[in-house]
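Summary of the model geometry
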Protein chains: 4
Amino acid sequence: MCRWLAYYGDPIPIASLVLRRQHSLIDQSLNSTLGATTTNGDGFGIGWYDEHGGDPGVYRSVHPAWNDRNLRELAEHIRSPLFFAHIRASTGTAVQETNTHPFRHGRWLFMHNGLIREFGRVRRDLLLAVDPELLPEIEGSTDSELLFYLALTFGLEQDPVKALERMAGFVEDVAEEHGIDNPLQTSVAVTDGERIIAVRYSSEGNSRSLYFSTHARVLKEQYPDIEELQTLSDEARAVVSEPLGDLVGAWNEVPESSIGIVQPGQDELQPFTPRRGAAVVASVAR
Amino acid sequence: MCRWLAYYGDPIPIASLVLRRQHSLIDQSLNSTLGATTTNGDGFGIGWYDEHGGDPGVYRSVHPAWNDRNLRELAEHIRSPLFFAHIRASTGTAVQETNTHPFRHGRWLFMHNGLIREFGRVRRDLLLAVDPELLPEIEGSTDSELLFYLALTFGLEQDPVKALERMAGFVEDVAEEHGIDNPLQTSVAVTDGERIIAVRYSSEGNSRSLYFSTHARVLKEQYPDIEELQTLSDEARAVVSEPLGDLVGAWNEVPESSIGIVQPGQDELQPFTPRRGAAVVASVAR
Amino acid sequence: MCRWLAYYGDPIPIASLVLRRQHSLIDQSLNSTLGATTTNGDGFGIGWYDEHGGDPGVYRSVHPAWNDRNLRELAEHIRSPLFFAHIRASTGTAVQETNTHPFRHGRWLFMHNGLIREFGRVRRDLLLAVDPELLPEIEGSTDSELLFYLALTFGLEQDPVKALERMAGFVEDVAEEHGIDNPLQTSVAVTDGERIIAVRYSSEGNSRSLYFSTHARVLKEQYPDIEELQTLSDEARAVVSEPLGDLVGAWNEVPESSIGIVQPGQDELQPFTPRRGAAVVASVAR
Amino acid sequence: MCRWLAYYGDPIPIASLVLRRQHSLIDQSLNSTLGATTTNGDGFGIGWYDEHGGDPGVYRSVHPAWNDRNLRELAEHIRSPLFFAHIRASTGTAVQETNTHPFRHGRWLFMHNGLIREFGRVRRDLLLAVDPELLPEIEGSTDSELLFYLALTFGLEQDPVKALERMAGFVEDVAEEHGIDNPLQTSVAVTDGERIIAVRYSSEGNSRSLYFSTHARVLKEQYPDIEELQTLSDEARAVVSEPLGDLVGAWNEVPESSIGIVQPGQDELQPFTPRRGAAVVASVAR
């Protein structure tokens with residue numbers, strides 16, 4: 001439904017990944033090859049951390065990424081050590097900035113590809129489960145934004161892996177009550193500016209694509225002639241819903257039902273298991 | 001916060017009231033004289049019934065009314081026997097089409113000037129009171145749209161006066177629980193395409209301005225030399241938050257805490273009394 | 001580069017052709033099958049004549065047609081006996097309303113699919129040839145708008161066939177001076193509200209597709225079971241850059257280098273021959 | 001008609017002047033006190049140089065500055081040692097990004113407040129005088145953009161003061177031929193990233209307001225208690241069409257018919273004298 005990428009490493013212009021590559025994200029906005037839809041023209045957004053710290057900035061627009069001149073300007077001029085970029089293909093909800101990813105809460109960014117099936121039927125129950133303190137921040141009408149606020153409610157800022165598993169389990173709990181099968185289809189990225197956490201999961205075990213880039217260090221050795229690679233630090237990595245080119249060995253598919261963490265030092269990859277019954281825990285916690 | 005007008009009568013181009021008059025609604029978007037703000041530039045909308053029946057059409061835009069060329073085109077080319085027009089001055093919620101008036105549900109249109117005080121604190125309780133069948137239709141984040149869905153929940157389609165009084169009473173009930181004084185400040189118009197119902201009410205008894213036009217029949221006798229007036233049928237009337245000119249005798253201020261109904265035959269004007277305790281009734285009804 | 005349709009016949013809602021059909025124009029905005037590009041998401045426009053006469057209305061937007069809610073509203077509510085609809089795929093010029101078709105001058109509408117090759121090199125000479133009285137009306141930066149104003153300069157309002165042939169010949173004259181081969185690739189529609197004139201022409205004799213619908217009378221006899229067809233009057237016809245469905249016998253390809261006129265009574269179809277040397281005539285005429 | 005500001009000094013967030021001050025530029029978009037119009041809501045733009053050099057970035061939008069969230073994000077996150085910001089009040093030309101300031105050519109930025117009187121009558125002659133190599137870059141329909149390309153044609157990149165005087169003189173020459181009195185009303189800022197050149201001039205000698213800030217060094221001595229001032233370097237300066245607050249001694253009105261240059265070391269201020277007959281020189285030069 002959407003396409004996204006997340007970058008972590010030395011500060012680089014956002015344009016490096018969003019504009020200037022073979023099958024860049026802008027190219028994917030017109031010609032996605034792995035997405036559920038070819039065209040992702042219902043708005044886009046970028047979120048980034050400045051080199052000198054602070055809360056992230058967010059730029060979101062309802063224009064298609066391929067024809068938005070401001071995106072080109074900003075992507076060339078904003079350098080960042082950690083950024084998200086997202087192109088949207090609406091599954092029916094309004095095309096408006098508040099429905100565009102990434103979503104932000106304090107230092108956190110969240111973006112999403114996928115959907116909650118029969119969202120209209122479960123929306124009310126999901127809204128009710130959101131921490132009342134957080135609810136006023138919800139400005140749009142998407143399932144994606146609501147997933148973010150559920151994850152925050154379930155403790156994203158304290159224990160992100162657990163909170164995301166509770167988020168998924170809770171949606172499956174509520175859907176079950178309504179007799180909805182396979183409710184969740186999702187590839188998610190969240191960040192606090194220090195690490196990127198990415199989930200590939202669907203209730204039916206047939207999830208949207210998700211890839212991690214090979215460590216830049218490996219690629220530099222493997223392709224000593226590609227100048228662009230040599231300028232990257234060893235730590236630089238990207239997580240993407242669709243590879244940004246066809247360099248052999250550059251992209252590794254994330255296994256089904258996995259959660260990965262890109263961070264300083266050793267990355268992590270582990271199974272992702274929705275925690276059912278989270279709703280009760282959440283209610284008690286409040 | 002906003003300005004609006006509602007027209008009922010012979011089919012006329014929407015431009016007659018929105019564009020082509022001294023102190024038209026477009027003029028008020030730049031230079032409101034009675035509004036809480038001078039500038040109403042955070043989007044606008046029109047809703048209209050076709051001459052040949054059917055559900056109303058709605059055109060909404062985030063551009064200021066004064067510089068939107070499409071509004072000028074549509075207002076000149078759309079003729080309607082009953083239309084609403086609204087210019088918005090946001091009190092903080094996002095400038096997006098789904099936050100722009102009029103709102104629509106089936107044959108009904110709703111528009112609003114005013115606010116719920118400390119809306120963030122009561123939003124959750126108000127959302128919970130909305131009929132779960134209706135909740136998925138809420139697409140924006142304004143207090144205004146939520147008022148509409150509360151009124152629908154409380155029976156707007158069956159007994160509009162009672163439903164609007166319950167809507168107001170319920171907001172006051174909830175606000176009281178949260179310790180918020182004088183929560184409601186409002187001038188509202190609703191229609192089903194047959195009649196226009198307009199409310200002037202505020203909890204503190206000091207409401208936004210609201211005017212009914214004098215019957216065209218009276219004005220035609222009074223001003224036999226104004227050609228424009230002579231083309232109107234005797235039934236034509238407008239309800240406005242601010243007069244569209246300074247013709248003496250043309251506009252009558254609606255008294256505080258009143259509800260008026262413009263309809264075929266005799267209009268009605270009666271006191272508007274919020275019905276407290278409506279929440280319980282609504283819960284029981286479901 | 002773009003897709004368009006023109007309708008002439010009994011008043012129908014614009015939605016009949018733009019929204020409600022298999023492979024409607026909105027469908028073509030995402031999935032054009034015959035166009036130079038699959039996606040036509042760089043804005044759209046409609047132009048229409050009211051049932052009761054007067055100059056045409058124009059609604060233009062920079063949003064993709066497939067996600068613009070206002071287009072859906074207007075298309076359902078505006079009935080017209082003659083309308084144009086256009087979806088744009090920019091070849092590089094800015095995505096802005098003034099670059100969006102149809103263009104209007106008085107009672108005339110103009111829309112276009114195609115391009116002038118190496119437009120930047122000839123733009124100045126073409127601008128200089130435009131009647132100085134008309135020049136201030138040019139608001140955008142497209143080759144299409146400039147073609148319209150050249151046609152007007154060469155007498156579109158007096159003798160449209162001749163003016164369009166001069167327009168094409170003049171562009172070829174200027175391009176030849178600049179050493180540009182095969183400068184013109186075009187399918188054009190113009191109307192004064194009485195008839196639709198459509199041109200299929202390219203300098204290299206390999207033009208963008210163009211189709212006329214078979215007379216409704218013939219289709220009604222051929223498909224007595226298709227209810228929708230039976231409601232059309234015998235005179236109803238459409239001209240399209242790409243068929244709106246796959247009904248056998250419904251669409252007739254316009255031959256290369258042809259100009260067709262859809263009008264009351266007998267339609268016309270004749271060869272289209274650019275008139276070279278038009279520039280001189282134009283200069284002399286002023 | 002518009003309001004603008006230009007900043008030169010240590011890198012600061014654009015928000016410092018555009019958002020975070022008493023009577024900031026965003027405040028002026030709703031409540032200009034010295035402008036020809038109170039409301040400047042027809043789009044805005046920012047242009048900035050990065051700390052690490054290169055061509056300037058430009059962000060332009062058709063939304064009112066006061067309600068554009070992206071502007072707030074970007075202004076907080078973009079730090080720059082030299083930036084322009086502009087809010088527009090259209091005098092009739094279309095509200096579109098290509099009509100929004102600042103305009104850019106290579107390393108140069110240009111912005112403008114004012115107008116060419118009876119622009120429609122002289123537009124063609126002015127367009128013809130633009131260097132044919134530059135003409136294809138003109139994308140909008142404003143007098144302002146055309147003034148920029150005239151200045152470039154007359155040698156802005158080589159000798160900016162002379163080129164601006166020729167620009168003004170040429171407009172007055174052409175207007176005189178058309179019998180138009182007092183054609184030019186203007187306050188202009190241009191920059192190449194090294195210095196800011198600002199002109200206050202009108203043919204009738206009654207120009208739009210223009211102010212230079214007092215050297216930060218002076219203000220720091222004068223107001224030792226204002227913390228915000230103490231963080232500025234001695235070199236920091238702003239040029240504005242309307243003061244950003246009411247600090248006594250902070251703003252110095254630029255005299256009528258003057259041109260000022262803010263640059264490293266000593267600033268300059270000298271009389272501005274349109275050079276008549278420039279058209280001839282320009283033609284010969286090509």
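In the block above lies the structure referred to throughout.
Conventions we followed
- Residues numbered from 1 in each chain as written.
- Chains lettered and ligands numbered in written order.
- Predicted model: local features only at pLDDT ≥ 70, side-chain atom pairs only at ≥ 80, totals over all residues.
- Heavy atoms only, no water.
- Pairing = 2+ DSSP bridges.
- Helix = DSSP H or I, 4+ residues; strand = E, 2+ residues; numbered from the N terminus.
- Axes fitted to C-alpha atoms, helices over the stretch in contact; angles between N-to-C directions.
- Expected span 1.5 Å × (residues − 1).
- Buried < 20%, exposed > 50% of the residue type's maximum accessible area, 1.4 Å probe, protein only.
- Contact = heavy atoms within 4.5 Å.
- Buried area = accessible area lost by both parts, 1.4 Å probe.
- Salt bridge = Lys/Arg side-chain N within 4 Å of Asp/Glu carboxyl O.
- Polar contact = N/O pair within 3.5 Å; in protein donor to acceptor, adjacent residues only side chain to side chain.
- Least-squares fit on C-alpha atoms with pLDDT ≥ 70 in both.
- Parallel < 35°, antiparallel > 145°, perpendicular 65-115°, else oblique.
- Left-handed = near helix turned anticlockwise from the far one by under 90°.
- Phe/Tyr/Trp six-rings, centres within 6.5 Å; stacked < 30°, edge-to-face > 60°.

Attention shifts here to the sheet that holds strand 5 (residues 103-105) of chain D. All names here are of chain D. An order of 5-6-7-8-12-13 is seen for the six strands of this open sheet, with the pairing classed as antiparallel. In this open sheet, the two strands that pair with only one neighbour each are strand 5 and strand 13 (268-271). The mean angle between the axes of side-by-side strands here comes to 15°, regardless of whether they run parallel or antiparallel. Judged from the seven bridges that link them, strand 7 (residues 184-191) and strand 8 (residues 196-202) form a sheet pairing that is antiparallel.

Residue and element names in this part refer to chain B. Across its 18 residues, helix 6 (residues 160-177) extends 26 Å between first and last C-alpha, which sits within 8% of the 26 Å expected from 1.5 Å per residue. Among the 18 residues of helix 6, 15 are classified as buried, and the element is accordingly described as predominantly covered. Just downstream of helix 6 lies Gly179, where phi reads positive at about 70°.

Of the residues lining the interface, 21 residues belong to chain A; the matching set on chain D comes to 21 residues. When the two sides are added together, the surface that chain A and chain D hide from each other amounts to roughly 1600 Å², 42% of it contributed by carbon and sulfur. Connecting chain A to chain D are four salt bridges. Here Glu73(A) makes a salt bridge to Arg104(D), at a shortest N to O gap of 2.6 Å. Where chain A touches chain D, the interface holds 12 residue pairs in polar contact (both at pLDDT 80 or more).

The next subject is the relation of the copies chain A and chain D. Of the two same-sequence chains, chain A is brought onto chain D (RMSD 0.0 Å, axial shift 0.0 Å) by a rotation of 180°. What the rotation and shift describe, once combined, is the action of a two-fold rotation axis. Across chain A, the rotation axis passes nearest the C-alpha of Ile78(A), at a separation of 3.9 Å. A shared interface surface links the copies, since 100% of the contact residues of chain A are contact residues in chain D too.

A few words on the packing of helix 4 (residues 119-129) of chain A against helix 6 (residues 160-177) of chain A. All names here are of chain A. The interhelical angle for the contact between helix 4 and helix 6, taken along N-to-C directions, is 135°, at an axis separation of 10 Å. In terms of orientation, helix 4 lies oblique with respect to helix 6. Classified by chirality, the crossing of helix 6 by helix 4 is right-handed. Between helix 4 and helix 6, the residues in contact are Val122, Asp125, Leu126 and Ala129 and Phe170, Val171, Val174 and Ala175, respectively.

Moving on, we get to the side chain of His77(C). Here His77(C) is to be found in helix 3 (residues 69-77). Here Asp50(B) takes part through its side chain, which lies 2.7 Å from a polar atom of the side chain of His77(C). Ignoring sequence-local partners within four residues, the contact set of His77(C) consists of Trp48(B), Asp50(B), Asp55(B), Pro56(B) and Gly57(B).

Our focus in this paragraph is the interface of chain B and chain C. With 21 residues of chain B at the interface, the matching set in chain C holds 21 residues. Where chain B abuts chain C, roughly 1600 Å² becomes buried across the two surfaces, and 42% of that area is made up of carbon and sulfur atoms. Among the residues of chain B in contact with chain C, Asn70(B), Glu73(B) and His77(B) are the three that bury the most area, contributing 33% of the side total. Where chain B packs against chain C, one counts four salt bridges. For Arg69(B), the salt bridge is made with Glu139(C), and the minimal N-O distance between the two is 2.6 Å.

All told, the structure shown has 26 aromatic pairs over all chains when counted by the stated rule. Seen in terms of ring centroids, Phe110(C) and Phe148(C) are 4.9 Å apart; in terms of plane orientation they differ by 20°. Their pairing is stacked. Taken together, the positions of Phe110(C) in strand 6 (residues 108-116) and Phe148(C) in helix 5 (residues 143-153) put the pair 38 residues apart, joining distant regions of the chain. For the pair Phe110(C) and Phe148(C), one class covers both residues: buried. Within the aromatic cluster, the residues linked to one another by ring pairs are Phe44(A), Tyr59(A), Phe44(D) and Tyr59(D).

So, on to unusual backbone geometry. With an omega of -5°, the peptide bond between His101(A) and Pro102(A) qualifies as cis. Notably, Asn182(B) is not glycine yet its phi reads approximately 45°, a positive angle. Mapped onto the secondary structure, Asn182(B) falls in the loop between helix 6 and strand 7 (184-191). Despite not being glycine, Glu118(C) has its phi angle at roughly 50°, a positive value. Relative to the helices and strands, Glu118(C) resides in the loop between strand 6 and helix 4 (119-129). Glu118(C) gets classed as partly exposed once you look at its relative accessible area, which sits at 43%.

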